[in-house]
Every structure is written in structure tokens, then in C-alpha cells.
Amino acid sequence: QEIITLKSQLDNLNSVKKLELKQALAEKDKELVDLNNQIERLSLENKTSLVEAVASVEKERDDAKAKLALQEKEAELSLASVKSDYEAQLKAANEQVEFYKNFKAQQSTKAIGESLEVYAETEFNKVRAYAFPNATFGKDNEVSSRGSKGDFIYRETDENGVEILSIMFEMKNEADETKTKHKNKDFYKELDKDRREKNCEYAVLVTMLEIDNDYFNTGIVDVSHEYEKMYVVRPQYFIQLIGILRNAALNSLKYKQELALVREQNIDITHFEDDLETFKNAFAKNYNSASNNFKKAIDEIDKSIRRMEEVKRFLTTSENQLRLANNKLDDVSVKKLTRKNPTMRAKFEALKD
């Protein structure tokens, strides 16, 4: 009986243990399922994040590729444009060089020099009617006392015969194959003498010499630091220089007209002529430095304003000091002045008596 009872207890115990084990296994299975679900969810989230990150990187890569392609295209277009402009300029320059070479090769040395004179006269005649209607421009046929003469003389007067502008021109050119090459400065001295003897205001050397010299290729070159009122130009700037000098001369025309009127009235105008010459020289100098002087004048005005503001501040301070002094003066009385001075107080009391 005891054995049966013990077996029964043992069976019950086994059943309980099996049940507990089964429940424990069920819980573990549930936890395992939950863990698997979490793993799957995390895996799905990671995959989504990874896909989004990859997509973002791919988008940035595509944008960078597109931007790079656009920049390369723009660079190609810019390079093509620059190359086209350069080729056009190079072609024009080559054509011009070839033209001059052929032009010079077909002419004698004398014809080469004369060709520049013909060019200058032709260019002037193109604009004479509307740009310089009152001007004369012709060959200098009068041989000077030194046996020399310039190539052309330009003179312009107003309706009263007052001279506005006069220019002595010298044209210089030579063949490419000439062995002894001349320099522009070789002709300055004679040109200056011709200008003075023919009573011209300016001297201009129109030159094809030193064709590779950048100093003379920049445009209109002022050499008045060597010879007074002298310029050196390439043929293409010939008309422009006349226009510039003419505009400057028109600004002083009023004074020339007044001077001519005084001459007609038989008045001694020695001082007027000196003043006019001084004015012309000063005008020519000021004309070139006006832009620099304008800025300096503005700076000086600003400095003057600052100095006047400083003076104003000092005056205001002085006014305040005077006002305080006046207030103190109003507060002065005999009583206060003699308060610590018995002698003076006694004298004032004696005066009252």
C-alpha cells in the first residue's frame, strides 16, 4: 500500500513537474517568438534606413555628377567662345600683317613714306566736311631757314579769324627689309624746330616705326616731357588726336576771341597775351591732371569739414565755460568777497558811512 501510495505521489509529482516544464517551455517559446519578431522588426527598420541612406547617397552622387557635367559643359562653351574670339583676332591680326607686308612689298622706299601721307590725307578728307568744316589741312610746302619742312599743317580758325588750333604733322614709315631701322625719337628734334618756325601750337609724329614697341602701340603717346606739346601716334589714332586737341582748344577759344577784340581796339595787350599763354599752359597741364586733383580736392574739403567741426566743438565748449563763468560772476557779492578779509570789509563799511 505504501509502495502504491508512493508511486501515486511520484506520478503526481512527475505530472506537476511535466506541467511546470511544459509551461516554462511555452513561455520560452513565446519569448523566442517575441525576440524573433523584434529581430525581424529591427532588421526591417535597418533595411529601410539602409535603403534611405543609399538612396540619399545615390541622389547626392547623381546631383554631383549632373553639376559636374554642367560645369564641364559651361567650361567647354567658355573655352570654345574664347578660342573662337582668339582665332578671330589672330586671323584679323594676321590679315593686317599680311596686308602691310604685301602693301610694302609692292612699293619703293619713297612710295612707302608717301603712302602714309596719302592715308592721313584720305582719312582727314573723309570727316572734313562735318567734323572740321573751318579747318585747313595740307602739305607744308614752305621750306624753313634750315632747309627742312614738315609733311602736313592743320590750322583752324573761328568766324572772326581767331586761330583755334594749329598742328605740325610728320609722317614716318619704312620697309620691313630696311637694314638700318630708325627710331621715333630720331625725328623729335627736327619736328619741334619745324613746329616753332611755322608757328604751330602742337607737333604730332604719325609713325609706323618701331612697330613691335608696346610703348607706342598703346595709343596716343605724350612726349611733352622731352619736347613741348609733342605727341606720337599710330595712323589709326590720327583723327582721334585732332579731335582731342580741338576740344581742348575750344575751351580756351573764348579767351582768344576776347584777346582778338582787344587787339582790334588798339589796346596794349602785352599782359593779356602773357596771361593767355600762362592760361594755355596751365590748362594743358590741368587737363591731364584734373581727375587726380578732383579727388584731392574732395579729400581736402572733407578735411576742412572735419577741422571746422573740431573748431565748432571747441567754440561750443568755450561758450559753456563762459556761461559758467558768467553765472559765477552773477553770484559774486561784496559780502562774499570780504567774508574772510576784515580789512576790506571795514573799508567797504566806511564807504557806506
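All values derive from a computational prediction rather than experimental measurement. Numbers given for residues are sequential positions, taken from 1 along each chain in its written order. Where local features are concerned, this predicted model is filtered to residues with pLDDT of at least 70; where side-chain atom pairs are given and counted, the filter is 80 or more; whole-chain, interface and lining totals use all residues. Excluded from the side-chain calculations are hydrogens and water; all other atoms, namely the structure's heavy atoms, are used.

A. Expanded view of the packing of aromatic side chains. Ring geometry is summarised as follows: Phe, Tyr and Trp rings, the Trp one being its six-membered ring, pair when their centres sit within 6.5 Å, and such pairs are stacked at plane angles under 30 degrees, edge-to-face over 60 and tilted between the two. Scanning the entire structure with this criterion turns up 11 aromatic pairs. Residues Tyr202 and Tyr231 carry aromatic rings whose centres are separated by 6.3 Å and whose planes lie at 45 degrees to one another, so their mutual orientation is tilted. With Tyr202 in strand β4 (residues 202-207) and Tyr231 in strand β6 (residues 230-233), the pair connects residues that are 29 residues apart, well separated along the chain. When sorted by exposure, Tyr202 lands in the same class as Tyr231, which is buried. Three or more aromatic residues joined by ring pairs form one cluster here, namely Phe124, Phe132, Phe137, Phe152, Tyr154, Phe169 and Phe238. Sitting above the plane of the Phe152 ring, Lys139 keeps its charged end 5.3 Å from the centroid. A positively charged side chain is recorded as over a ring if its NZ (Lys) or CZ (Arg) lies within 6 Å of the ring centre. The angle to the ring normal must also be within 35 degrees. Above the plane of the ring of Tyr202 lies Lys229, whose end atom (NZ or CZ) is 5.5 Å from the centre. Going along the chain from the N terminus, every DSSP run of H or I of four or more residues is numbered as a helix, and every run of E of two or more is numbered as a strand. Relative accessibility decides the category of a residue: with a 1.4 Å probe and only protein chains considered, values under 20% of the type maximum give buried, values over 50% give exposed, and everything between is partly exposed.

B. Up close: the pairing of strand β3 (residues 163-172). The buried count for β3 comes to eight of 10 residues, which makes it a mostly enclosed element. Should DSSP find at least two bridges between two strands, the strands are taken to pair. Here six bridges tie strand β2 (residues 152-157) to β3, and the two strands are oriented antiparallel to one another. Within β3, the residue paired with Thr157 across the bridge is Glu163. Hairpin remark: β2 followed by β3, antiparallel, with five residues in the connecting loop; positive phi at Gly161, about 85 degrees.

C. The confidence of the model for the protein chain, seen in detail. On average, residues of the protein chain carry a pLDDT of 77, and 72% of them reach 70 or more. By mean pLDDT, helix α8 (residues 334-337) is the weakest element of the protein chain at 57, and β6 is the strongest at 94. Low confidence marks residues 107-112, where pLDDT is under 50. Its contacts with residues over four positions away, or in another chain, come to six contacts. In predicted models, pLDDT denotes the confidence assigned by the predictor to each residue on a 0 to 100 scale. Should any heavy atoms of two residues lie within 4.5 Å, those residues are counted as being in contact.

D. Spatial organisation of the pattern of salt bridges. Take a side-chain nitrogen of Lys or Arg and a carboxyl oxygen of Asp or Glu: if they are within 4 Å of each other, that pair is a salt bridge. Scanning the model with the defined rule gives 13 salt bridges in all. Across the salt bridge formed by Arg61 and Asp62, the nearest N and O atoms sit 3.3 Å from each other. Given the relative accessible area of 43%, Arg61 is considered partly exposed. Looking at Asp62, the relative accessible area reads 39%, which means it is partly exposed. Close ionic contact of Glu117 with Lys139 constitutes a salt bridge, the shortest N to O distance being 2.5 Å. Of the two residues, Glu117 sits in helix α2 (residues 109-131) while Lys139 sits in strand β1 (residues 135-139), which places them 22 residues apart along the sequence. Of the residues examined, Glu117 reaches a relative accessible area of 14% and is grouped as buried. What makes Lys139 partly exposed here is its relative accessible area of 42%. Members of the salt-bridge network, linked through shared partners, are Asp192, Arg195, Arg196 and Glu228.

E. Representation of the nonpolar core within the structure. The nonpolar core is taken to be a set of buried Ala, Val, Leu, Ile, Met, Phe, Trp, Tyr and Cys residues, with the residues joined through side-chain atoms within 4.5 Å. In terms of nonpolar packing, the biggest core is built from 26 residues, with Phe124, Tyr154, Ile167, Phe169 and Phe238 touching the most fellow members. Sorting the residues of this core by element identifies α2, β1, β2, β3, β4, β6 and α5 (238-251) as the ones contributing at least two each. In contact with Ile167, not counting residues within four places along its chain, are Phe152, Ile153, Tyr154, Cys200, Tyr202, Val204, Ile242 and Leu245. Within the second largest apolar cluster, 12 residues are counted, among which are Met168, Tyr188, Leu191 and Phe216.

F. Here's a closer look at the environment of Ser224. With respect to the secondary-structure elements, Ser224 resides in the loop between β5 (221-222) and β6. The spatial distance from the C-alpha of Ser224 to the C-alpha of Ala203 is 9.7 Å, given a sequence separation of 21 residues. If sequence neighbours within four positions are ignored, Ser224 has contacts with Lys229 and Met230. Here the side chain of Ser224 touches Asp222 through a polar contact of 2.7 Å, side chain to side chain. In protein, a polar contact requires one atom able to donate a hydrogen and another able to accept it; more generally it is a pair of N or O atoms within 3.5 Å, and residues adjacent in sequence count only if both atoms are side-chain atoms.

G. Main features of α5. A helix is expected to reach a length of 1.5 Å times the quantity of its residues less one. With 14 residues, α5 should reach 20 Å at 1.5 Å per residue; the first-to-last C-alpha distance of 21 Å fits that figure. Those residues of α5 not exposed but buried are Phe238, Ile239, Leu241, Ile242, Leu245, Arg246, Ala248 and Ala249.

H. Region of interest: the sheet that holds β2. Reading across from one edge, β1-β2-β3-β4-β6-β5 is the order of the six strands in this open sheet, with mixed pairing throughout. Because the sheet does not close on itself, it has two edges, and the strands there are β1 and β5. For β5 and β6, the ladder comprises two bridges, and the chain directions are antiparallel. Pairing of Asp222 across the sheet is with Tyr231, part of β6. Here, axes are lines fitted to C-alpha atoms. For helices the fit covers the stretch in contact, and angles between N-to-C directions go from 0 to 180 degrees. Lying over the sheet, helix α3 (residues 188-197) contacts β3, β4 and β6, oriented at roughly 140 degrees with respect to β4. On top of the sheet, α5 reaches β1, β2, β3, β4 and β6; it is set at about 155 degrees to β3, its chief contact.

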